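# Working through the structure, step by step
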Amino acid sequence: MTRPFRQNRFKRILVLGVFNQEVNRRIYEDVLVQALEAQDTRAVGGYTLMPDVKDYDEKQEIREAVKKAGADGVIIARLVGVKEKERVVPPRVDYYPSMGVRHGLYGYYGASYHSVYQPGYTVTDTIVNLETTLFCVDTQKLVWSGMTSSQNPSSDQKIAKEAVALVIAEMKTAGLL
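Note that the structure is a prediction, hence the values are computed from the model and not measured. (Residues numbered from 1 in each chain as written. Predicted model: local features only at pLDDT ≥ 70, side-chain atom pairs only at ≥ 80, totals over all residues. Heavy atoms only, no water.)

### Section: the overall build of the chain
Counting secondary structure elements, the chain contains 5 helices and 7 strands. Taken from N to C terminus, the helices and strands of the chain fall in the order β-α-β-α-α-β-β-α-β-β-β-α. In the chain, the share of contacts with a sequence separation of at least 24, taken over all contacts with a separation of at least 6, comes to 69%. Of the roughly 11,600 Å² of accessible surface on the chain, 52% is carried by carbon and sulfur atoms. (Helix = DSSP H or I, 4+ residues; strand = E, 2+ residues; numbered from the N terminus. Contact = heavy atoms within 4.5 Å. Areas by Shrake-Rupley, 256 points an atom, 1.4 Å probe, with all protein chains shown as cover.)

The following block contains the structure:
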């Protein structure tokens, strides 16, 4: 039987983004820190305390960062995968009204609309999946976890903003923020 999480809101959260590229880590951490602070939850980006992403693999480095931040919660966000998926857009016929001369009673309708054929084609969608987890520092237990997917994102900033908006909404619903 699972016991519900009993702590009230988290007051200070350390945010750790585990991504292949340094710029993505900083973008995600910054966006999440700003969103948490907008919810009156103090937050610290991991890169401000651990500039080298390799430190995220070291338990002692994380413990020291948690202590420096005075965090009661730690969010770890990681890239789960990027997939490309093909889909077929079927052909279609569109009808457009025509302007100009009408062709009498029997030719009126046919002359009122022109049809335009649009051939089918294949599109490759890019899907980016992120996992975000929240741990309680006191118990060292997982408190909350969520998965987000972004389809055909135009930028890393857009991925972060979309994912963070969903994460914050769910954490609020769960009473964690």
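### A look at the nonpolar core
Core analysis: the largest hydrophobic core is formed by 28 residues, its most contacted members being Ile13, Tyr28, Leu32, Leu36, Leu134 and Met171. Counting residues per element, the ones that place at least two in this core are strand S1 (12–18), helix H1 (22–38), strand S3 (73–89), strand S6 (121–136) and helix H5 (156–173). Apart from residues no more than four positions distant in its own chain, leucine 32 is found in contact with Val15, Ile75, Val164 and Ile168. The next biggest cluster of nonpolar side chains, apart from the first, holds 11 residues, and it includes Leu16, Val44, Tyr47 and Val66. (Core = buried A, V, L, I, M, F, W, Y, C linked by side-chain atoms within 4.5 Å. Buried < 20%, exposed > 50% of the residue type's maximum accessible area, 1.4 Å probe, protein only.)

### Describing unusual backbone geometry
The phi torsion at aspartate 40 lies on the positive side, around 60°, for a residue other than glycine. On the basis of relative accessible area, aspartate 40 is assigned to the exposed category, the value being 67%. We note that asparagine 152 has phi near 50°; this positive angle belongs to a residue other than glycine. For asparagine 152, the position within the fold is in the loop between strand S7 (142–151) and H5.

Honestly, that's just the spatial picture; any functional story needs more than this.
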